[in-house]
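# Observations on the model geometry
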Amino acid sequence: MASSKDYLEFILGQLCELEDISYRAMMGEFILYYKGKIVGGIYDDRLLVKAVESAIAYMPNAEYELPYEGAKEMLLVDDVDNREYLAGLFEAMYDELPMPKPKKKKRN
């Protein structure tokens, strides 16, 4: 099941306090970026974030879920109605997230 554009817009609205939030559509789902780093995504209308130590500490009771078959488990964010909570989660995670890998140049 693909995620809805309405749910994406809701989550983006909840994150409006943060600067430099972006997303990319991928196979019916949405990858979320914070300051250029992948934080997580929207999968089947669920907000899932990477299971980094800072996110686990911020949400100690979070459930682990698969975004899609064959993927690594991610943490389900269940308090999506709380803007301050979401902003705090993304800010707590930022330093621990890896920098994006440089894109390979295409060969001619």
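As a convention, each chain's residues are numbered from 1 in the sequence order in which they are written. Whole-chain, interface and lining totals are the exception, using all residues; otherwise, since this is a predicted model, local features are given only for residues with pLDDT of at least 70 and side-chain atom pairs are given and counted only at 80 or more. Calculated side-chain values reflect all of the structure's heavy atoms, with hydrogen atoms and water omitted.

## Quick notes on the nonpolar core
This is how it is decided: The set of buried Ala, Val, Leu, Ile, Met, Phe, Trp, Tyr and Cys residues whose side-chain atoms join them within 4.5 Å is what this entry labels a nonpolar core. Relative accessible area decides the class of each residue, using a 1.4 Å probe on protein chains only: under 20% of the type maximum gives buried, over 50% gives exposed, and in between gives partly exposed. For helices the rule is a DSSP run of H or I covering at least 4 residues; for strands it is a run of E covering at least 2, with both sets numbered from the N terminus onward. Whether two residues are in contact is decided by their heavy atoms, any of which lying within 4.5 Å being enough.
In terms of nonpolar packing, the biggest core is built from 27 residues, with Leu47, Val49, Val77 and Phe90 touching the most fellow members. Residue assignment for this core shows that the elements contributing at least two residues are α1 (5-14), β2 (29-34), β3 (37-43), β4 (46-49) and α3 (83-94). Here this core gets seven residues from one element, more than from any other, and that element is α3. If we ignore the near neighbours within four places in the chain, the residues touching Val49 are Val39, Gly40, Ala55, Met59, Met74, Leu75, Val77, Leu89, Phe90 and Met93. Of all hydrophobic cores here, the second largest spans six residues; its members include Ile31, Tyr33, Leu48 and Leu76.

## Some details on the sheet that holds β3
Test applied: Pairing between strands requires that DSSP locate at least two bridges from one strand to the other.
Strand order in the open sheet formed by six strands is β1-β2-β3-β4-β6-β5, and the pairing between neighbours is antiparallel. The sheet is open, and its two edges are formed by β1 (21-26) and β5 (64-65), each paired on a single side. Note that β5 and strand β6 (residues 74-76) share two bridges and pair antiparallel. For Tyr64, the partnering residue across the bridge sits in β6 and is Leu75.

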